[in-house]
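For reference, the chains in residue letters:
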Amino acid sequence: VAAFQPDAGESLVEAWARAESRYSAGPYAGSSIPNELRTVDGSNGVAITAPHAVGHFRDGVRKRADRFTGSLAEVLAAASGSSALVLAGSGPGDANWDESHPLKDALLGLLPNHGVIVDLHGMRDSHGSDVCVGRGRLPDSSGSAAVADAVLACCRAAGLIVSVDRPFDARRPQTVTSFAQAHGAAAAQVEIAARLRSPHAEPEAARRLLGALLAAIARLGR
Ligand SMILES: [Zn+2]
């Protein structure tokens, strides 16, 4: 599937809002091909994943999409020279819950050239923080602490309220974060409150989030 291309003269927030239309179709089935993946090829060694960009199935029950995370991964990748790997078509399974999933197979293929994985998710506003960093099963392994620290520091600098591992620690071995760590990558899970994922309705909050994540990626990329 062709990757998202920002238009000339378009702000990143506008690009983010526009890019979501390919995920929201259906609603939130995304493409018509089950478990189709969308990739962006970057060169800075960072891969941004969004395994819940469209609706998915956890133990057979349909779970709602983490809205605006697939489009966020694409826009961040395009703006930073990172790669992105996004679930673009709703299908069976859940890459952040199941032992095996096509997205994990694709991630394994990326790992030789991507030492840093940032896994994007969406959480409710009611958890309190703007961004929750989940450190995964091996938080002190191969640079994972640096990934968590960069995201936390850049979000704090942007005035965002952050939390660590609460309420989402990503410690299950089947999370994308733990999976990447187990295969030698530095990784962290980034849960983003809904109020920061509304580029149409709350463009200023969206702009702050984009700036914070781009600053973190700039620290982590080669
Ligand atoms: Zn999620």
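Our structure is the block above this text.
Definitions and cut-offs
- Residues numbered from 1 in each chain as written.
- Predicted model: local features only at pLDDT ≥ 70, side-chain atom pairs only at ≥ 80, totals over all residues.
- Heavy atoms only, no water.
- 1 Å grid on protein atoms, 1.4 Å probe; cavity = no way out; pocket = protein on both sides within 12 Å on 5 of 7 lines; lining within 4 Å.
- Points joined across faces, edges and corners; volume = space filled by probe spheres on them.
- Helix = DSSP H or I, 4+ residues; strand = E, 2+ residues; numbered from the N terminus.
- Nonpolar A, V, L, I, M, F, W, Y, C, P; charged D, E, K, R; others polar.
- Salt bridge = Lys/Arg side-chain N within 4 Å of Asp/Glu carboxyl O.
- Buried < 20%, exposed > 50% of the residue type's maximum accessible area, 1.4 Å probe, protein only.

Engineer: Tell me about empty space enclosed by the protein, and please be specific about residues and values.
Structural biologist: According to the stated counting rule, one finds one cavity of 30 Å³ or more in the structure shown. By volume, the largest cavity amounts to about 40 Å³. Ile 48, Leu 76, Val 118, Leu 120, Val 151, Leu 213, Ala 216, Ile 217 and Leu 220 are the residues that line the largest cavity. Within the residue set of the lining of the largest cavity, elements represented by two or more residues are strand E6 (116-123) and helix H7 (203-220). The element that contributes the greatest number of residues to the lining of the largest cavity is H7, accounting for four residues. For the lining of the largest cavity, the residue count by class is nine nonpolar, no polar and no charged.

Engineer: Can you lay out the pattern of salt bridges for me, pointing to particular residues and giving the numbers?
Structural biologist: It is possible for side chains bearing opposite charge to pair when their charged atoms get close. On inspection of all chains with the given rule, the structure shows nine salt bridges. Taking the shortest distance from any N to any O, the salt bridge between Arg 195 and Asp 125 comes out at 3.4 Å. With Arg 195 in the loop between strand E9 (186-193) and H7 and Asp 125 in the loop between E6 and strand E7 (131-134), the pair connects residues that are 70 residues apart, well separated along the chain. The class of Asp 125 is partly exposed, set by a relative accessible area of 32%. Across the salt bridge formed by Asp 130 and Arg 195, the nearest N and O atoms sit 2.9 Å from each other. Of this pair, Asp 130 sits in the loop between E6 and E7 while Arg 195 is found in the loop between E9 and H7, placing the two residues 65 residues apart along the sequence. Owing to a relative accessible area of 8%, Asp 130 belongs among the buried residues under this scheme. Here the residues in one salt-bridge network are Asp 7, Glu 10 and Arg 18, joined through shared partners.

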